[in-house]
Amino acid sequence: MDFLKERFPDAQFATHVNGDTEVLVPAAQYEEAVRACYDAGYKYCSAVTAIDWQDRLTLVTSLARIDPAEVGARTIHIKVDLPRTGAHIPSIAGLYPGANWHERETYDMYGIRFDGHPNHRRILLPDNWQGGYPLLKDFTDRRPKRPRLVRHRFAE
Amino acid sequence: MERTKELLVNMGPQHPSTHGVLRLMVKLDGEQVTWCEPDIGYLHRCFEKLSEQKTYPQVIPYTDRTDYLAALINEQCYVEAVEKLFGDAIQVPERAQYIRVMMAELQRITSHFLALGSMALDLGAMSAFLYCWRDREKIYSLFERITGGRLLYNYLRIGGVRNDLPEGIIGTPQDGEDKADKTIWGFINYFDAYVYPQWKELVTENRIFQWRTQGVGCLPADVAVAYSASGAVLRGSGVKWDLRKNRPYLIYDRFEFDIPVGTSGRGDCFDRWWVRQEEMLQSSRIVKQCLQWLAENPGPVMAKVPRVLKPPKGEVYHRIEGARGEIACYVVSDGGANPYKVKWRSPAFTHLQLMPLLIPGHKLADIIPILGSIDIVLGEVDR
């Protein structure tokens, strides 16, 4: 991924065990990094997700290239470290319409807000969900416990 | 002319053509749909959160239940992702890899049977659906003998497969229709000689079916890529992209098969239908090559793995070609016995985004072929 290395010399690069590239950029450069990948032909957004490291969240955007002639296609994972509460980041749903629902899911599960998202609502959880963000590591289910069923004893 | 008010109609969550619990809100102007928005989440059961509390092998049965119509392919995605985390420490035996490929391709055939059959059923072709069901049962009886399960298998293990193929299930290349539910060769020969041509004549060449599907739900190739479409939806739009060829996993680079793409250039419902139908024939080609190899090469089917699986720290994003499109699994390991994070990228979830794009402008009745040709499984959408 030389085009990213030239453009973002300070970013941290790493390679996954299966050959995918990951690049950690500051939050301010996220949009620029995504745009650079888009211009380099990575026009397919495979997934957007986040990882909760307990001291920070890491947003992972996985971009791929759809080139029928290519064998052994690799994915670029653009990572951004974000605070655990009140995190927000520009949305890429305008560039990649396919990222729309993945961003909504990330908001639903981790509470990261995507600025400029066309339809910023919950997706898997109910719209009136108040219980927090389920995939955060310190999530506790605060719904009232159901009473235990007691086995009924019939009169003998 | 007097115009009527727009009407908001809820299709689902219990509409029979939504195949599960999908709610489609549509606004109608007469028969014409002007706006559409899917509402999902009715089947959400926190698979990703659950898997953080399970050990690595304990997650495998949960992956079955995401896309329950192609369970083996899901297992394949997760199991291979974890094997990749181990690096060279786990070497899957060759025979296990062939068994995995063969099972995945048979599973792809069953999944396409259901996709095509239920789409035909929703369009009113009851007999086509029943033929599909009959042939799908035959594969399921084979699966039952191999894995012990009919729908949810838990057959793949990290490092191989649970057990070798039972005695006599491979059969011989001469097995015919009478052995279709007894040997794999029997089924494949039956499929090639009988099911596929019959299917083509019965449904694909049917005028009414073509009228209902051609020119409906057109998806241009560049839009398909932008909306992250994959699998038959992307190939129906004419993009020759298949992760089995373009990013070979397992041992798919050893097999000879073609990638069918949509022929009309419109990317409509009929193209997606066509791609699925032709894909079944290609799957049967792969199964034949597997069977020839498996008949001649006995061997172990399970690698030596530690009792407690603790992959080294790392992350992996593994993409495979599922029956519905690109299934991907993001596994993060912190060195412990439980996965730190599992993200499941399901094709049906991603494809449902296309609904607000494809449906408006069509008649209400056209929603059914469009939804059928996208081929969603709500277990996978909501996870």
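All values reported here derive from a predicted model rather than from experimental measurement.

Conventions we followed
For every chain, the first residue of the written sequence is number 1, and numbering continues from 1 along that sequence. Ligands are numbered from 1 and chains lettered from A, in the order in which they are written. With the structure being a predicted model, the display of local features is reserved for residues of pLDDT at least 70 and the display and counting of side-chain atom pairs for 80 or more, all residues being used for whole-chain, interface and lining totals. Only DSSP runs of H or I with at least four residues qualify as helices, and only runs of E with at least two residues qualify as strands; both kinds are numbered from the N terminus onward. Based on C-alpha atoms, the radius of gyration is set beside the globule rule, defined as 2.2 Å times the residue count to the power 0.38. For the purpose of contact definition, each residue receives a C-beta atom placed from its backbone, and two residues are in contact when these atoms lie within 7 Å. Pairing between strands requires that DSSP locate at least two bridges from one strand to the other. Convention adopted: a line fitted to C-alpha atoms gives each axis, helices being fitted over their contacting stretch, and angles between N-to-C directions are expressed from 0 to 180 degrees. Any residue outside Ala, Val, Leu, Ile, Met, Phe, Trp, Tyr, Cys, Pro, Asp, Glu, Lys and Arg is labelled polar, Gly included; the first ten of those are nonpolar and the last four are charged. To sort residues by exposure, count the other C-beta atoms lying within 10 Å of each residue's C-beta; 20 or more gives buried, 12 or fewer gives exposed, and values between give partly exposed, all with C-beta atoms placed from the backbone.

**What to know about the overall build of chain A**
Then step 1. Helix and strand counts for chain A stand at 3 helices and 7 strands.
Then step 2. For chain A, the N- to C-terminal ordering of α and β elements is α-β-β-α-β-β-β-β-α-β.
Then step 3. Against the globule reference of 15 Å for 156 residues, chain A gives a C-alpha radius of gyration of 20 Å, more extended than a compact globule.
Then step 4. For chain A, the C-alpha atoms occupy an extent of roughly 80 × 35 × 30 Å along the three principal directions.
Then step 5. Taking the intrachain contacts of chain A between residues at least 6 apart in sequence as the baseline, contacts between residues at least 24 apart amount to 49%.

**Regarding the sheet that holds strand β8 (residues 341-345) of chain B**
Hydrogen bonds along the backbone pair up the strands of a sheet, which may run parallel or antiparallel.
Residues and elements named next belong to chain B.
Then step 1. The 3 strands are arranged β6-β7-β8 in an open sheet whose pairing can be described as antiparallel. The sheet terminates laterally at β6 (314-321) and β8, the two strands that pair on one side only. Going across the sheet, the axis of each strand differs from the next one's by a mean of 10 degrees, ignoring polarity.
Then step 2. Summarising the sheet, β6 and strand β7 (residues 326-333) pair through 8 bridges and their orientation is antiparallel. Bridging across to β7, Glu-321 finds its partner in Glu-326.

**Focus: the interface of chain B and chain A**
Then step 1. Tallying the contact residues gives 35 residues for chain B and 30 residues for chain A.
Then step 2. When contributions to the side of chain B that touches chain A are tallied by element, the ones reaching two or more residues are α1 (47-52), α3 (71-86), α8 (221-226), β6, β7, β8 and α12 (347-352) of chain B.
Then step 3. Of the residues belonging to the side of chain B that touches chain A, the class tally is 14 nonpolar, 9 polar and 12 charged.

**Brief notes about the pairing of strand β4 (residues 57-64) of chain A**
Residues and elements named next belong to chain A.
Then step 1. Taken across its 8 residues, β4 has 8 buried, putting it largely inside the fold.
Then step 2. As paired elements, strand β3 (residues 44-52) and β4 share 8 bridges and run antiparallel to each other. Residue pairing for β4: Tyr-44 is matched across the bridge by Ala-64.
Then step 3. A loop of 4 residues connects β3 with β4, the two strands running antiparallel in sequence, and Gln-54 in this loop sits at a positive phi of about 75 degrees.
Then step 4. In the sheet, β4 pairs with strand β5 (residues 76-82) via 7 bridges, with the strands oriented antiparallel. Looking at β5, one finds that Thr-61 is bridged to Ile-78.

**Quick look at the sheet that holds β5(A)**
Residue and element names in this part refer to chain A.
Then step 1. Pairing within the open sheet is mixed, and its 5 strands lie in the order β1-β2-β5-β4-β3. On the outer flanks of this sheet lie β1 (12-15) and β3, each paired with one strand and no other. The sheet shows a mean angle of 20 degrees between the axes of neighbouring strands, taken without regard to direction.
Then step 2. This element, helix α2 (residues 30-39), spans β2 (21-25), β4 and β5 of the sheet and lies at about 175 degrees to β5.

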